Amino acid sequence: MKASDGRLPVALAAATATLLLAACGGSGNKPTGPLAACGSGAKTATAPSPVSSGSWPFPNGDLANTRDAPGSMISSANVSTLAPAWTFRLTGKAAEGIRPYGSLAANPIVQNGIVYLQDLDSNVYALALSTGKLEWQCRLDMPERSGPGPNGVAVVDGVVYGASPTAVFALNGTTGRAIWANSKLLSSGQGTFGIQPQVANGRVYLASQYGSAPGGGVLLALKASNGAVLWRFNTVVGPEPGVQALGLGAGGAWETPLLGSDGSVTYGIGNPYQTPAAAIGTPARLLYTDSAVNLNAATGKLRWYYQGVTNDFKDYDMQASPISASVDGVPVVIGSGKMGYVYEMNAKTGKLIWKTPVGGHNGYDNDSLLALEHSSTVKAPYTILPGNLGGVLTNLSLADSSIYVVTCDLPLTYTNLTEPAAVKAAGPATGQVKALDLATGKVEWDTKVPQLPLGAATVSNDLVFTTLYKGVLIALDRHTGNVVYRHRLPTSTNAPIAIAGNTVIVPAGALGTGKEEGGNPQVVAYTAR
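Residues numbered from 1 in each chain as written. Predicted model: local features only at pLDDT ≥ 70, side-chain atom pairs only at ≥ 80, totals over all residues. Heavy atoms only, no water.

Further remarks concern the overall build of the protein chain. Along the protein chain, the regular secondary structure elements total five helices and 37 strands. The 529 residues of the protein chain split such that 63% are buried. Accessible surface for the protein chain amounts to roughly 17,900 Å². Of this, 54% is attributable to carbon and sulfur atoms. (Helix = DSSP H or I, 4+ residues; strand = E, 2+ residues; numbered from the N terminus. Buried < 20%, exposed > 50% of the residue type's maximum accessible area, 1.4 Å probe, protein only. Areas by Shrake-Rupley, 256 points an atom, 1.4 Å probe, with all protein chains shown as cover.)

Right, let's get into the nonpolar core. Formed by 35 residues in total, the largest nonpolar core has its most connected members in Leu219, Trp231 and Tyr267. Elements with a minimum of two residues in this core: strand S7 (159-163), strand S8 (168-172), strand S11 (198-200), strand S12 (203-211), strand S13 (218-223), strand S14 (229-234), strand S17 (264-268) and strand S18 (291-296). Considering each element in turn, this core owes the most residues, five residues, to S13. Excluding anything up to four places from it in sequence, Trp231 contacts Tyr205, Leu219, Leu220, Ala221, Val265, Tyr267, Leu295, Asn296, Ala297, Ala298, Thr299 and Gly300. Listed in part, the 34 residues of the second largest apolar core include Leu129, Phe465, Ala498 and Val506. (Core = buried A, V, L, I, M, F, W, Y, C linked by side-chain atoms within 4.5 Å. Contact = heavy atoms within 4.5 Å.)

Glancing now at the sheet that holds strand S28 (residues 424-425). Taken together, the three strands give an open sheet; going across it, the order is S24-S27-S28, and neighbouring strands pair in antiparallel fashion. The sheet is open, and its two borders are formed by strand S24 (382-384) and S28, each paired with just one other strand. Of the pairings in the sheet, the one linking S24 to strand S27 (residues 412-414) comprises three bridges and is antiparallel in character. Bridge pairing links Ile384 to Leu412 in S27. (Pairing = 2+ DSSP bridges.)

Let's shift gears to the side chain of Arg478. Tracing the backbone shows Arg478 in the loop between strand S33 (472-477) and strand S34 (483-488). Engagement of the side chain of Arg478 in a polar contact is seen with the side chain of Tyr404, the distance being 3.0 Å. Not counting chain neighbours up to four residues away, the residues in contact with Arg478 comprise Ala399, Asp400, Tyr404, Trp445, Val459, Asn461, Asp462, Leu463 and Val464. (Polar contact = N/O pair within 3.5 Å; in protein donor to acceptor, adjacent residues only side chain to side chain.)

Under the definition given, this model contains seven salt bridges. Across the pair Asp400 and Arg478 runs a salt bridge whose closest N-O atoms are separated by 2.6 Å. Taken together, the residues span a long stretch of sequence, with Asp400 in the loop between strand S25 (397-399) and strand S26 (402-409) and Arg478 in the loop between S33 and S34 at a distance of 78 residues. Relative accessible area serves as the criterion here: at 61%, Asp400 is assigned to the exposed category. Look at Arg478 and you get buried, because its relative accessible area is 9%. Bridged by salt links that share partners, the residues Asp315, Asp317 and Lys338 form one connected network. (Salt bridge = Lys/Arg side-chain N within 4 Å of Asp/Glu carboxyl O.)

What follows is about the sheet that holds strand S9 (residues 178-182). Ordered in space as S6-S7-S8-S9, the four strands form an open sheet in which the pairing is antiparallel. Two strands in the sheet have a free side with no partner beyond their single neighbour: strand S6 (154-156) and S9. Direction aside, neighbouring strands of the sheet carry axes that sit 15° apart on average. Pairing of S7 with S8, which is carried by five bridges, proceeds in the antiparallel orientation. Residue pairing for S8: Val159 is matched across the bridge by Asn172. (Axes fitted to C-alpha atoms, helices over the stretch in contact; angles between N-to-C directions.)

Moving on, we come to unusual backbone geometry. Here the residue pair Arg99 and Pro100 is connected by a cis peptide bond, since its omega of 0° sits within 30 degrees of zero. Residue placement: Pro100 occurs in the loop between helix H2 (93-96) and strand S2 (109-111). Although it is not a glycine, Asn151 adopts a positive phi angle of roughly 60°. Mapping Asn151 onto the fold places it in the loop between strand S5 (134-138) and S6.

Counted by the stated rule, this structure contains 13 aromatic pairs. Geometrically, the ring pair formed by Tyr364 and Tyr382 is edge-to-face, given 5.5 Å between the ring centres and 80° between the ring planes. Pair noted here: Tyr364 is in the loop between strand S23 (352-357) and helix H5 (367-372) and Tyr382 is in strand S24, with a separation of 18 residues, a long-range link. Chaining the aromatic ring pairs together yields one cluster made of Phe313, Tyr364, Tyr382 and Tyr414. Across from the ring centre of Tyr341, 5.3 Å away, lies the NZ or CZ of Lys355, which sits over that ring. (Phe/Tyr/Trp six-rings, centres within 6.5 Å; stacked < 30°, edge-to-face > 60°. Lys NZ or Arg CZ within 6 Å of the ring centre and 35° of its normal.)

Moving on, we come to the pairing of S5. Counting buried residues along S5, four of its five residues qualify, which places the element largely inside the surrounding structure. As paired strands, strand S4 (residues 124-128) and S5 are joined by four bridges and run antiparallel to one another. Residue pairing across strands places Ala126 opposite Trp136, the latter belonging to S5. Joining the antiparallel neighbours S4 and S5 is a turn of five residues, in which Gly132 adopts a positive phi near 80°.

Now for the confidence of the model for the protein chain. Considering every residue of the protein chain, the mean pLDDT works out to 89; 87% of them sit at 70 or more. A low-confidence stretch, residues 31-36 (pLDDT under 50), is modelled with 18 contacts involving residues beyond four sequence positions or located in other chains. In the predicted structure, residues 43-48 sits below a pLDDT of 50 and forms six contacts with residues beyond four places in sequence or in another chain. (pLDDT = per-residue confidence, 0-100.)

Quick look at the pairing of S13 now. Burial analysis of S13 places five of its six residues in the buried class, which makes it a mostly covered element. If you look at the hairpin formed by S12 and S13, you'll find six residues sitting between the two strands, and Gly215 has a positive phi there, around 100°. Hairpin geometry of S13 and S14 is characterised by an intervening segment of five residues between the two adjacent antiparallel strands and by a positive phi of about 80° at Gly227.

Okay, structure coming up:
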């Protein structure tokens, strides 16, 4: 998905980010002056809250992006005992939300008894895991500007790393005070930040989204100690006629990249955002859109890529966080995205091992390729399934020999071929939760759900959790797919959850589709006995 119009010019936004981050501890890469604004209310150093056990240390639980909750104590034996433990409500501008996405879309991080999260207005919070008490906050009140975010932070060695739309920063994890802030990373046309970064080996890995200039969105690695740029990688090469015609954006990355044990970093890349008419009239492969791109993590040099959809005109993306795994001793990378396929690739070469369609498909999967081959017969009205709000909109999980994926099944119709995205609903908004065999891609089970499942897939022992858009937390038996737990949330949600010890943390901050479903954004914690 992409953002709407009506944004601040990039130069003005960059200047605003610099001033706001100065209040958090200085401008540029070296904060100066008093650090009065960020870290307000911090009491951790003198009166820490009780520390609860359990952690969710990385955006997707671990550096392999498996979303298999480390050390979780929640299983089918005690999931029925989950009970509300605490609630933290957003206030001020952040509570108003960003239409149509809401207030919260990022995965919380849990380390050393503290829950760290960022809202879609770029504000960062540190909460006590045991009580939900606000330990500190860094308020920027800068709305994300490139779609649904997700925003979010990474925490390594007591430092919190995050971004506003135009700057990247590091905060002291105990006080929230700024360590450094770099607002000179993106040039005009290179998009804005909205990704939840990954941090490892002294580097911060992130990307811009929605780049409209030649080169599209940019992948970056920064030095974790001071925010200096180590390398950049442009995600669009060659001609981009559709993008230029629309003046919108292409490529970049939306979800946290994968740090491989082989010294690589793999990103899932966004789409070229062109109209059907442009893709049919002036088709091109538009590398590296809709691709998994594997780079040398130290240098940013391309090792391999695999393009899931060439000449994409359906706003599909291959945006899901890649997952690292091994099959019979062979390292593999799993990728997916809104085209509704799961791909398994050789981690050394990028060669496709298998691909499996997931969610609903109505027979038009190859239309972008046919347009590239000048064989298109597409005419309006034109209905696509997956639509551009599905199939795999959120991240997958992996445990043992199974991959778990949630899909969004919402058919959408182009009323004419000059539209950049299909927007007219052509059926109900439902979804599915599936399990695939890691070695073969074969479907093990498939469970339909009555709403869009937007909470990613998260494994906890013999369960796989997700959330439904109108505000429902569910858990399925991961061996059978049977729904064994269902709980009504206080409001709607389109964010992934975190599981730490005996606690499930749910960011509930979508706008919903009615007064009874949206508004009142909050983070809710449930504990099991």
